[in-house]
Structures are given as structure tokens and as C-alpha cells.
Amino acid sequence: LPAMVNPRRYYTRELGPSAESALKSAISQQFLLELIDEHDLIAHWRATRSPLQRIRDSALNVLRGKPSEAEQRAIMLGTLESRLHVQWRNDGTADISIEWPDAAMAKILVEEIQRRFLEARRDQQVEGARRAGAVLEAALNTARNDLDAAVAGVVRERERLRQGSKAATVRGLQAEGRWRQMP
């Protein structure tokens, strides 16, 4: 559809600004917080910790106090952001990966982020198509109005010429006194 608006447009296989903004939407803090809540990552994180890590967590809770729910969400958000990796390729694709102790949960998280990226990208493309359609519709309406105005002008001119003319018969010309003026 972009070619309909600009036929001379140069295409590349690299991810453009729209793909990057779609990916930013897919890994936004708001979406990551939704992932934390949807998959109960805080409880899952605690359940999958090794015994040594659990002892360490208990010691830190005794020394610092147990973190509030909001603090736990902020810590989990930081953990997700630091362990989530996106690598851009030259062929126009992106690799999304995450370092997570539980492989099954890592797969779920990456698939959710990928799904969100594809949805955001599709929404952007649909919006682009809608805008291209609006541009084409406006150009069509302008051309239609110009054509209607031109046709109306031709019809007016034809009517103007018909009003002053009569059949060019000998009797008509004699009646007008133009018979002798003819070459």
C-alpha cells in the first residue's frame, strides 16, 4: 500500500521505525507488568528458586525486611528488563530471547512478547493502510470534483454556442440578411 501513495518509494529489508516502535510497544514496562500479573511471575520465581537462593532470600528478608508487593513487582520488572534480549538481524528480522531459570516459562514469555510485537506491527500496518486509503480517497474526490467542474464547463459552453446559432440554411441566411455576406 505505501507504493500506491509513493510509487517511487525505495524498499529495504531492514526493520524500519514502525517495526522498532512495535517492538518497543511489545517490551514496554506496561506490557511487562501485565505479563508479571498474568503469569504470576513473582510466585513462579519464588517456586523455581534453588534451595541456596531461597536461603539467601530469607537472609535478605531478615536483614532488610520483606519487600512490599509494589517493590516485588518493581524488582521483577527490572529482572525481566535486564534478562530480555532483542537482536536485530540484517535480513529484517529480530531475535527475542530471555535468560530465565525455568525453560517452560521462558518459552511462554518469549511467545507472549512475540505475539505482542506481531499484533502491534499488524496494527501499525492496518493504520498505514487506512491512512493510504484516506489519501487515495481524498485524491479521488479531488479528481472527481475537477472532472465534474470540467464537464459542467463544457456543457455550459455548448449551450452558450447553441443559443446564438441557427441552422445554416439559405432561407435562414436570407432572413438574417447575411446571404450576400457569404464569400
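Description of the structure in this document. Because the structure is a prediction, the values reported are computed rather than measured.

**Some details on a nonpolar patch on the surface**
- Together, Leu147, Val151 and Val155 make up a nonpolar patch on the protein surface, roughly 250 Å² of accessible area in all.
- Inspection of the secondary structure assignment puts Val155 in helix H7 (residues 103–163).
- Taking the relative accessible area as the measure of exposure, Val155 reaches 37% and is therefore partly exposed.

**Regarding the nonpolar core**
- If you look at the biggest cluster of nonpolar residues, it comprises 20 residues, and the most contacted ones within it are Ile36, Leu41, Leu80, Ile98, Trp100 and Leu109.
- Mapped by element, the contributors of at least two residues to this core are helix H3 (29–38), helix H4 (41–47), helix H6 (69–83), strand E2 (94–98) and H7.
- Among residues more than four places away in sequence, those in contact with Ile98 are Leu80, Arg83, Leu84, Ala106, Leu109 and Val110.

**Details of helix H5 (residues 51–64)**
- Taking 1.5 Å per residue as the helical rise, H5 with its 14 residues ought to reach 20 Å, and the 20 Å between its terminal C-alpha atoms agrees with that figure.
- Counting buried positions along H5 yields 0 of 14 residues, so the element is predominantly exposed.
- One or two residues past the end of H5 sits Gly65, with phi positive at roughly 90 degrees.

**A few points about the packing of H3 against H7**
- Close contact between H3 and H7 brings their axes to 12 Å; oriented N to C, the two are set at 140 degrees. Considering the angle they form, H3 stands oblique to H7. The way H3 lies across H7 gives a crossing that is right-handed. Residues Phe31, Leu32, Glu34, Leu35 and Glu38 of H3 form the contact with H7, whose own contacting residues are Leu109, Glu112, Ile113, Arg115 and Arg116.

**Quick word on the packing of H3 against H6**
- Closest axis-to-axis distance for the H3/H6 pair is 10 Å, and the angle between their directions is 115 degrees. When the axes of H3 and H6 are compared, the pair comes out roughly perpendicular. As for how H3 packs across H6, the hand of that crossing is right-handed. Contacts between H3 and H6 involve Gln29, Leu32, Leu33, Ile36 and Asp37 from the first element and Arg73, Met76, Leu77, Leu80 and Glu81 from the second.
- In terms of residue class, the contact of H3 with H6 is made up of 6 nonpolar, 1 polar and 3 charged.

**Thoughts on unusual backbone geometry**
- Although it is not a glycine, Asp40 sits at a positive phi angle of roughly 45 degrees.
- Structurally, the position occupied by Asp40 is in the loop between H3 and H4.
- Take Asp40: its relative accessible area is 46%, and that puts it in the partly exposed class.

**Remarks on the pattern of salt bridges**
- What the rule picks out here adds up to 10 salt bridges.
- As a salt-bridge pair, Arg115 and Glu112 come within 2.8 Å of each other at their nearest N and O atoms. On the criterion of helical spacing, the pair formed by Arg115 and Glu112 is a turn pair, its members being 3 residues apart in helix H7.
- The exposure class assigned to Arg115 is partly exposed, which follows from its relative accessible area of 36%.
- Relative accessible area serves as the criterion here: at 16%, Glu112 is assigned to the buried category.
- Each of Arg49, Arg56 and Asp57 takes part in one network of salt bridges that share partners.

Conventions used here
Residues numbered from 1 in each chain as written. Predicted model: local features only at pLDDT ≥ 70, side-chain atom pairs only at ≥ 80, totals over all residues. Heavy atoms only, no water. Patch = residues over 30% accessible without salt bridge, like charges linked within 9 Å, V, L, I, M, F, W, Y side chains within 5 Å. Areas by Shrake-Rupley, 256 points an atom, 1.4 Å probe, with all protein chains shown as cover. Salt bridge = Lys/Arg side-chain N within 4 Å of Asp/Glu carboxyl O. Helix = DSSP H or I, 4+ residues; strand = E, 2+ residues; numbered from the N terminus. Buried < 20%, exposed > 50% of the residue type's maximum accessible area, 1.4 Å probe, protein only. Core = buried A, V, L, I, M, F, W, Y, C linked by side-chain atoms within 4.5 Å. Contact = heavy atoms within 4.5 Å. Expected span 1.5 Å × (residues − 1). Axes fitted to C-alpha atoms, helices over the stretch in contact; angles between N-to-C directions. Parallel < 35°, antiparallel > 145°, perpendicular 65-115°, else oblique. Left-handed = near helix turned anticlockwise from the far one by under 90°. Nonpolar A, V, L, I, M, F, W, Y, C, P; charged D, E, K, R; others polar.

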